[in-house]
Amino acid sequence: MAKKILIDCDPGMDDSLAIVMAVKSPALSLVAVTCVNGNYPVDVTSKNALKTLEMIGRTDIPVARGMAQPMVRRSPKDPFTHGADGQAENNLPEPKTQLNALHAVDLIVETIKCHPHEVTILCTAPMTNLAMAMVKAPEIIPLIGRIIAISGMFGLNEYAFLNATGDTPQSEWNVYVDPEAADIVYRSGAPLTLIGLDVATHFCVNFTDADMRALEASEKPEARFLKQAIRFVNARGFEAYCTVIDCLAVGLAIDPTLIDTKPYHAGVETKDGLTLGMTIRDGRHHHVWTDLPLLDIAVWADYERFLKLLMSLILA
Ligand code: BDR
Ligand code: CA
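Since the structure is predicted, the reported quantities are computational estimates derived from the model, not experimental observations.

Quick look at the environment of Asn48 now. Mapped onto the fold, Asn48 is located in helix H2 (residues 42–55). The contact partners of Asn48, leaving out residues within four places of it in the chain, are Pro11, Gly12, Asp85, Gly86 and Gln87.

This is the structure we're talking about:
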């Protein structure tokens, strides 16, 4: 049976492609999309989720608008742009579909209560909606199947630092935008897998010439979308991995053997200053801070298989 997932996101070019990948995978059943402030204000991210689902003809999947600001801060401006439309200037048509009547936080609560222990939440955005759902309805926490999040950077390799996406020298964007929300979710006790920048932003996530030709030859709008996204980031001096960061969460939900994880105690820095939003992994063999939550942290991904899976779903 297909695994039920809910995607909490801020599209964003890579969030949009994560939605496409999830919808097209027979291993997954996407029950809802909830949107939040992050890469762009929540009105834009919600509209982009609707546009994405219209592009692939799945307007039956509910999309809800969520939190417009982080829990206790004002939203920062993203130093990395996803283009004027937030979708790598794909300029998809204005959506005709309506947003779900529920607020995203309530749709998360309702979805978890309707399918206890069955839903995996893929969070590819600041954790504001998730944390608010946990604060509003803490009874859902033990009912969440698992959360897989694109979140943090854990000092496992040079990519954690080279490709830091937040606006402090060592932070990841989704945590940096709303560190208090990340702190709540990290400490919640819900089963949590974090795919940090160490694994989500490898330069070896690249498309071959054959992949580019296959995208070129395809008439699928989602293939055109990915091709334009790669062109967009390359033209600005970035590598292709930027277009598919959030897709790694979908890859892991589809195939748990794609990414290796290890348990580590880790926490979020919520104080202003140089380290705001930094995620600290206690990797010591002695005196470990065991009061920090024990989290499942991604340490390695099979990028070749991930790219094959991604390409096969985009072209399918
Ligand atoms: C995260 O930042 C956003 O720009 C991407 O969509 C991704 O979720 C990576 O740090
Ligand atoms: Ca995102």
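This part takes up the sheet that holds strand E7 (residues 259–268). Across the sheet, which stays open at both edges, the nine strands sit in the order E3-E2-E1-E4-E5-E6-E9-E7-E8 with mixed pairing between neighbours. Only two strands of the sheet have a single partner each, and these edge strands are strand E3 (63–65) and strand E8 (279–282). With strand direction ignored, the average angle separating the axes of adjacent strands in the sheet is 30°. For strand E1 (residues 3–9) and strand E4 (residues 119–123), the ladder comprises five bridges, and the chain directions are parallel. By the bridge assignment for E4, Ile7 is matched with Leu122. The sheet strands contacting helix H7 (residues 179–187) are strand E5 (146–150), strand E6 (192–195), E7, E8 and strand E9 (294–301), and the helix crosses E7 at an angle near 115°.

Every residue near ligand 1 is listed here: Asp14, Asp15, Asn39, His82, Thr124, Thr165, Glu172, Trp173, Asn174, Leu197 and Asp246. Residue Asp15 places a side-chain N or O atom 3.1 Å away from an oxygen atom belonging to ligand 1. Here an oxygen atom of ligand 1 and a side-chain polar atom of His82 are 3.1 Å apart. Computed on the free molecule, ligand 1 has an accessible area of 290 Å², of which 96% lies beneath the protein chains in the complex. Among the detected pockets, ligand 1 sits in the largest pocket. Secondary-structure elements contributing two or more residues to the shell around ligand 1 are helix H1 (13–24) and helix H6 (173–177).

Note on the calcium ion (ligand 2): its protein donors are Asp10 (OD), Asp15 (OD), Asp15 (OD), Thr124 (O) and Asp246 (OD). The metal-donor distances range over 2.3 to 2.6 Å. Read in sequence order, the donor residues coordinating the calcium ion (ligand 2) give the pattern D-x4-D-x108-T-x121-D. Linking Asp15 in helix H1 with Asp246 in the loop between helix H10 (221–235) and helix H11 (247–254), this pair joins segments that are 231 residues apart in sequence. As far as the burial class goes, Asp15 and Asp246 line up, both buried.

A word on the pattern of salt bridges. This structure, assessed with the given rule, holds 18 salt bridges. Between Arg146 and Asp296 there is a salt bridge whose closest N-O contact spans 3.9 Å. Separated by 150 residues along the polypeptide, Arg146 in strand E5 and Asp296 in strand E9 bring together distant segments of the chain. Arg146 gets classed as partly exposed once you look at its relative accessible area, which sits at 31%. Salt-bridge contacts for Arg187 lead to Asp183; the nearest nitrogen and oxygen are separated by 3.0 Å. Of this pair, Arg187 and Asp183 both sit in helix H7, four residues apart, roughly one helical turn. Taking the relative accessible area as the measure of exposure, Arg187 reaches 48% and is therefore partly exposed.

The subject of this paragraph is H10. Every α-helical turn comprises 3.6 residues, leaving residues that sit three or four positions apart pointing alike. Helix length check: H10 (15 residues) gives 21 Å between terminal C-alpha atoms against 21 Å at 1.5 Å per residue, within 8%. In this structure, the buried residues of H10 make contact with H1, H2, helix H9 (209–217) and helix H12 (303–315). Following H10 by one or two positions, Gly237 adopts a phi angle in the positive range, close to 85°.

On to the packing of H1 against H10. Where H1 contacts H10, the two axes come as close as 11 Å, and the packing angle between them is 155°. On the basis of the axis angle, H1 is roughly antiparallel to H10. Along this stretch, H1 crosses H10, giving a crossing that reads as left-handed. In this structure, H1 uses Met13, Ser16, Leu17, Val20 and Lys24 to contact H10, whose residues at the interface are Glu222, Phe225, Leu226, Ala229, Phe232 and Val233.

Tracing the backbone shows Thr193 in strand E6. Setting aside anything within four residues of it in sequence, one finds Thr193 in contact with Arg146, Ile147, Ile148, Ala149, Leu252, Thr261 and Asp296.

This brings us to unusual backbone geometry. The phi torsion of most residues other than glycine is negative, and most of the peptide bonds are trans. Note that the residue after Pro11, namely Gly12, is joined by a cis bond; omega there is 0°. As for its position among the elements, Gly12 is in the loop between E1 and H1. Here the phi dihedral of Ala88 falls at roughly 60°; this positive angle occurs in a residue that is not glycine. In this fold, Ala88 is placed in the loop between E3 and helix H3 (104–114).

Let's shift gears to the packing of aromatic side chains. Evaluated as defined, the whole model comprises one aromatic pair. Geometry around Tyr264 places Arg281 over its ring, the cationic atom sitting 4.6 Å from the centre.

Conventions and cut-offs
Here the residue numbers are simple positions, counted from 1 along each chain's written sequence. Lettering of chains starts at A and numbering of ligands starts at 1, both following the order in which they are written. Per-residue local features of the predicted model are confined to residues with pLDDT of at least 70, and side-chain atom pairs are confined, for both listing and counting, to 80 or more; whole-chain, interface and lining totals are unaffected and use all residues. With hydrogens and water excluded, all non-hydrogen atoms of the structure serve as input to the side-chain values. Numbering of helices and strands starts at the N terminus; helices are DSSP runs of H or I of at least 4 residues and strands are runs of E of at least 2. In this description, contact between two residues means that some pair of their heavy atoms is separated by no more than 4.5 Å. Any two strands are treated as partners once DSSP identifies two or more bridges connecting them. Inter-axis angles, ranging from 0 to 180 degrees, are taken between N-to-C directions of lines fitted to C-alpha atoms, where helices are fitted over the stretch in contact. Definition of nearness: a residue and a molecule or strand are near each other if at least one heavy atom of the residue lies within 4 Å of the molecule or strand. Under the rule applied, a polar contact is a pair of N or O atoms within 3.5 Å (in protein, one hydrogen donor and one hydrogen acceptor; residues adjacent in sequence only if both atoms are side-chain atoms). Here the Shrake-Rupley method, with its probe set to 1.4 Å, supplies the accessible areas, and only the displayed protein chains count as covering residues. Think of a 1 Å grid over just the protein atoms. A cavity is a set of points where a 1.4 Å probe fits yet cannot get out, a pocket is an open set with protein on both sides within 12 Å along at least five of seven lines, and lining residues have an atom within 4 Å of a point. Here the criterion for a molecule occupying a pocket or cavity is that more than half of its atoms lie within 2 Å of the pocket grid points. Any N, O or S atom lying within 2.8 Å of the metal counts as a donor, and for Na, K and Ca the limit rises to 3.2 Å; water is left out, so some sites can look incomplete. Burial here depends on accessible area, computed with a 1.4 Å probe over protein chains only, as a share of the maximum for the residue type. Under 20% is buried, over 50% is exposed, and the range in between is partly exposed. For salt bridges, the criterion is a side-chain nitrogen of Lys or Arg within 4 Å of an Asp or Glu carboxyl oxygen. Helix span is expected to be 1.5 Å times the residue number reduced by one. In these notes the angle categories are as follows: under 35 degrees is roughly parallel, over 145 is roughly antiparallel, 65 to 115 is roughly perpendicular, and the rest is oblique. Here a crossing is called left-handed whenever its near helix is offset anticlockwise from the far helix by less than a right angle, and right-handed whenever the offset is clockwise. Side-chain rings of Phe, Tyr and Trp, where Trp is taken by its six-membered ring, are said to pair if the distance between their centres is within 6.5 Å; with planes under 30 degrees apart they count as stacked, over 60 as edge-to-face, and otherwise as tilted. When the NZ atom of lysine or the CZ atom of arginine is within 6 Å of a ring's centre and also within 35 degrees of its normal, the charge is said to sit over that ring.

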